[in-house]
Amino acid sequence: MINWAHTCEMPDPWHWLEPFDMLMTNGLGMPTDPREQADYVSRLADAGISAIAVGEDVGAPGISAEMSMASERRALPILLTAYEVPFAAVARVVADSRTDHEERSRLLKTARIYESLRTATIDRRDADWLLDEIGAELGCRLEVLDMKAWRFAFAPRLAADASIREVLLDALDRCAGHLPAILRLQFRGSAALAVPVPSRRSAALIASDFHESPELSVLQHASTVAALELERLASERDSLSRSGHELLGDLLAQRVDSVQATKRLEAFAMADRPLVVAAWTRPDEGREPAGDGAGRMTPVGAGLSEDLFARGVPHLLRVGDRQSASLALIPADEASSAALLDLLPADSPVGLSAAVGAVEGLPRAVREARWALAGARTRRTRIVRYGEAGASPWT
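In this report, the structure presented in the accompanying data block is examined.

Rules and cut-offs
- Residues numbered from 1 in each chain as written.
- Predicted model: local features only at pLDDT ≥ 70, side-chain atom pairs only at ≥ 80, totals over all residues.
- Heavy atoms only, no water.
- Helix = DSSP H or I, 4+ residues; strand = E, 2+ residues; numbered from the N terminus.
- Contact = heavy atoms within 4.5 Å.
- Pairing = 2+ DSSP bridges.
- Axes fitted to C-alpha atoms, helices over the stretch in contact; angles between N-to-C directions.
- Expected span 1.5 Å × (residues − 1).
- Buried < 20%, exposed > 50% of the residue type's maximum accessible area, 1.4 Å probe, protein only.
- Arc of directions from axis to C-beta.

Before going further, it helps to spend a moment on the environment of G351. With respect to the helices and strands, G351 occurs in strand β14 (residues 350-352). In sequence terms G351 and Q220 are 131 residues apart; their C-alpha atoms lie 46 Å from each other. Once you skip the residues sitting within four places of it in the chain, G351 turns out to touch V277, A278, A279, A369, A372, L373 and V384.

Structure follows, in structure tokens:
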């Protein structure tokens, strides 16, 4: 069965076509080595391609015996298209053979995707609900992977497996920093598809747990919806970052009492939990400062906040300039401290305060973090925690 006929001269057409497509090629992307030709056929068969149509007398590499045997072994026909027959005519024949039922099915799925988006917007449903609804319509599980933090965008505490990260990084390396239209991979022990998400942060929509592979055209509509959700999430985080910056300033200046502070910290999932203050500097004078000299957020500081959110780290951030330290209030756990260290330049010394359980102790924690930072500078080490040798005013 052939659902569609499409030209592709890429060396890896299986990343650009869907199951039951026919590949039409003039051979520009076909390998010349016989063993590589056999592998070329096998990869296309693995992707569910129905047939290969090769243009005759247009400079395509000769079809080797190994390629022919692979074609027979994998039941993937290779057709030679006469020079005078344009690929457009072949595609038109395939298009005319499609049934109205197939087209109606695709249009119905697309309409339901956007109906789910409308419902989620009106009923104020979250992104997880929306992806579950669309996934149920497409017969698969849908997740969005942030390819900068390598965390799932709507569950940022959940890290991607090393195997999927390796596959996606390899694809980005081969495709000049972009994902192909569709990437086939193994995810959680079964077949999956990755489709790029057109958002400001590099992201991929992962479709898994399907019995029948979703159509690329429909998955791309799902990807568009995912992009809208990512932009909404980014807008919410930008607003939270700005209010967090203001709240930390109020806490340091002791302009709010403990009751008000606890209520405002609830919005950051930071109330009633142990916290630490981190202080650091950026020693490279040539690097753009994170602050503007008045404590206001600049793109560098905003980028750090965005990356912390993407890793699931609640925080209040106050950026410094070249003369003063930057400060962050984060949960007092190793994962949060490790995430912050991973995001800061390797030559930035960092001081951590002792854990603080009440907002009244925050000014003391800031002093502790700065003392620890001074200890890190003196000892020329990456991080010092308050109480370690050289990290208090008494040592």
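Ordered by their spatial adjacency, five strands build an open sheet running β12-β13-β11-β14-β15, and the pairing between neighbours is mixed. Each end of this open sheet is capped by a strand with a single partner; those strands are β12 (316-318) and β15 (383-385). Averaged over all adjacent pairs, the angle separating strand axes in this sheet is 20°, with direction ignored. Summarising the sheet, β14 and β15 pair through three bridges and their orientation is parallel. Counterpart to V350 in the pairing with β15 is I383. Helix α11 (residues 362-379) contacts β11 (275-280), β13 (326-331), β14 and β15 of the sheet and is inclined by roughly 45° relative to β11.

Of the pairings in the sheet, the one linking strand β6 (residues 151-152) to strand β7 (residues 155-159) comprises two bridges and is antiparallel in character. Pairing of F152 across the sheet is with A155, part of β7. Linking β6 back to β7 in an antiparallel pair, the connection comprises two residues.

Before going further, it helps to spend a moment on helix α6 (residues 162-174). For α6, which comprises 13 residues, the first-to-last C-alpha distance of 18 Å matches the rise-based estimate of 18 Å (1.5 Å per residue) to within 8%. Those residues of α6 that sit buried are I164, L168, A171 and L172. Taken down its axis, α6 places every buried residue within 100° of arc, on the same side. Within α6, the exposed residues directed more than 90 degrees away from the buried face are A162, E166 and D173. Directly beyond the C-terminal end of α6, a positive phi value near 55° is found at A176.

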